Amino acid sequence: MQNMNFLDKLKKIKKHSPYLTPAGAGIAIICFFLPWVKVSCATITVEASGARIGGIFWLVFSIAILIFISYFYFRARRDMAILKLIGLYGSVLSLFIILYKFI
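Residues numbered from 1 in each chain as written. Predicted model: local features only at pLDDT ≥ 70, side-chain atom pairs only at ≥ 80, totals over all residues. Heavy atoms only, no water.

Between its first and last C-alpha, helix H5 (residues 80–102) extends 33 Å over 23 residues, near the 33 Å set by a 1.5 Å rise per residue. Buried residues along H5 sit against helix H4 (57–76). (Helix = DSSP H or I, 4+ residues; strand = E, 2+ residues; numbered from the N terminus. Expected span 1.5 Å × (residues − 1). Contact = heavy atoms within 4.5 Å.)

Next up, the structure:
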């Protein structure tokens, strides 16, 4: 009986899993403008976001927008294989850009 509950839960998760891609891209777009770093020295406090740091981080922002828009385009065409490739390569490229910049 417990095995059936587990399988039902997996089916529910799989039913909603296609929405993880646009949700993740949307969160990345929003977080780009949120403060990443807060530095204070005496009375001066500076907060930096991806938009304020700029430079190569705008590429990460562009990739998030590309993934978000391509989700709706390829979902309408029912071509999820290309969407998976765009999401995978975009995520890996964004991760490498962030690691490169901070290391």
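Turning our attention to a nonpolar patch on the surface. Residues Leu 85, Leu 88, Tyr 89, Val 92, Leu 95, Phe 96, Leu 99 and Ile 103 make up a contiguous nonpolar surface patch of roughly 880 Å² in combined accessible area. Take Ile 103: it is sitting in the segment after H5. Ile 103 gets classed as exposed once you look at its relative accessible area, which sits at 85%. (Patch = residues over 30% accessible without salt bridge, like charges linked within 9 Å, V, L, I, M, F, W, Y side chains within 5 Å. Areas by Shrake-Rupley, 256 points an atom, 1.4 Å probe, with all protein chains shown as cover. Salt bridge = Lys/Arg side-chain N within 4 Å of Asp/Glu carboxyl O. Buried < 20%, exposed > 50% of the residue type's maximum accessible area, 1.4 Å probe, protein only.)

Tracing the backbone shows Ser 94 in helix H5. You can call Ser 94 buried: its relative accessible area is 10%. Setting aside chain neighbours within four positions, we find Ser 94 in contact with Val 60 and Ile 63.

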